[in-house]
Amino acid sequence: MKIWWLCVGVIVGLGFAQLMAESRAPRCDINAALAAHDRQLLDLPAIVGIYVGVLADGKTPCLKVMLARPTPETERKIPRKIEGYPVVTEISGEIRPLRP
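Residues numbered from 1 in each chain as written. Predicted model: local features only at pLDDT ≥ 70, side-chain atom pairs only at ≥ 80, totals over all residues. Heavy atoms only, no water.

Peer 1: It is not clear to me how the overall build of the protein chain should be interpreted in this structure. Could you clarify?
Peer 2: On a plain count of helices and strands, the protein chain comes out with three helices and four strands. Its helices and strands in sequence order give the protein chain the pattern α-α-β-β-α-β-β, from N to C terminus. Looking at the protein chain as a whole, 26% of its 100 residues qualify as buried. Contacts in the protein chain between residues at least 24 apart in sequence constitute 46% of all its contacts with a sequence separation of at least 6. Summed over its atoms, the accessible surface of the protein chain is roughly 7,400 Å², and 62% of this surface lies on carbon and sulfur atoms. (Helix = DSSP H or I, 4+ residues; strand = E, 2+ residues; numbered from the N terminus. Buried < 20%, exposed > 50% of the residue type's maximum accessible area, 1.4 Å probe, protein only. Contact = heavy atoms within 4.5 Å. Areas by Shrake-Rupley, 256 points an atom, 1.4 Å probe, with all protein chains shown as cover.)

Quick look at the structure:
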């Protein structure tokens, strides 16, 4: 009987550990994460902007990185997560100020 309870405990413990590893909760507000990391991202070549958005599911917050053009070098340097939030790239093209 003790072995059975030990097996149940191990199985529950492993399941809980895996659940905790998969559900890494963001460490801070997404706007604070954006403010803390926008300079380092904007210093990368071809990045023209960063903003708070949502994933395709329409509810998961993420950071969206706008690229003037896709380059393998820049894509490699962009982290996939920042402060626990997913980072998504999109091609926006060049962004220039409007003339009055």
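Peer 1: Would you mind going over the nonpolar core with me for this structure?
Peer 2: Across soluble globular proteins, you tend to see nonpolar side chains buried next to one another. Among the nonpolar cores identified, the biggest contains 14 residues, and Leu 41, Ile 47, Ile 50, Leu 63, Val 65, Ile 78 and Val 87 are the most heavily contacted of them. Looking at this core, the elements that each hand over two or more residues are helix H2 (30-42), strand S1 (47-54), strand S2 (61-67) and strand S4 (85-91). Here the element with the most residues in this core is H2; it accounts for four residues. When neighbours within four sequence positions are excluded, Leu 63 is seen to be in contact with Ile 30, Leu 34, Tyr 51, Val 52, Ile 82, Pro 86, Val 87 and Val 88. (Core = buried A, V, L, I, M, F, W, Y, C linked by side-chain atoms within 4.5 Å.)

Peer 1: How should the pairing of S2 be read in this particular structure?
Peer 2: Looking down a regular strand, the side chains alternate between one sheet face and the other. Among the seven residues that make up S2, six are buried, leaving the element largely enclosed by the rest of the structure. Across seven bridges, the pairing between S1 and S2 is antiparallel. Within the sheet, the bridge partner assigned to Gly 53 lies in S2 and is Cys 62. The turn linking S1 back onto S2 is made up of six residues, and Gly 58 within it adopts a positive phi angle of 80°. With five bridges connecting them, S2 and S4 associate as parallel partners. Along S4, the bridge assignment pairs Val 65 with Thr 89. (Pairing = 2+ DSSP bridges.)

Peer 1: Where do I start with the side chain of His 37 in this structure?
Peer 2: As for its position among the elements, His 37 is in helix H2. In contact with His 37, other than residues within four places in its own chain, are Ile 82 and Glu 83.

Peer 1: Mind showing me how you'd approach the environment of Thr 60 here?
Peer 2: Among the structural elements, Thr 60 can be located in the loop between S1 and S2. Between the C-alpha atom of Thr 60 and that of Pro 86, which follows or precedes it by 26 residues, the distance is 8.8 Å. When neighbours within four sequence positions are excluded, Thr 60 is seen to be in contact with Gly 53, Val 54 and Leu 55. A polar atom in the side chain of Thr 60 sits 2.5 Å from the side chain of Asp 57. (Polar contact = N/O pair within 3.5 Å; in protein donor to acceptor, adjacent residues only side chain to side chain.)

Peer 1: Please explain unusual backbone geometry as it appears in this structure.
Peer 2: Residues other than glycine predominantly adopt negative phi, and peptide bonds predominantly adopt the trans conformation. A positive phi angle, close to 75°, is found at Ala 46, a residue other than glycine. Inspection of the secondary structure assignment puts Ala 46 in the loop between H2 and S1. In the Ramachandran plot, Glu 83 falls in the positive-phi region, its phi being about 55° despite a non-glycine side chain. With respect to the secondary-structure elements, Glu 83 resides in the loop between strand S3 (81-82) and S4.

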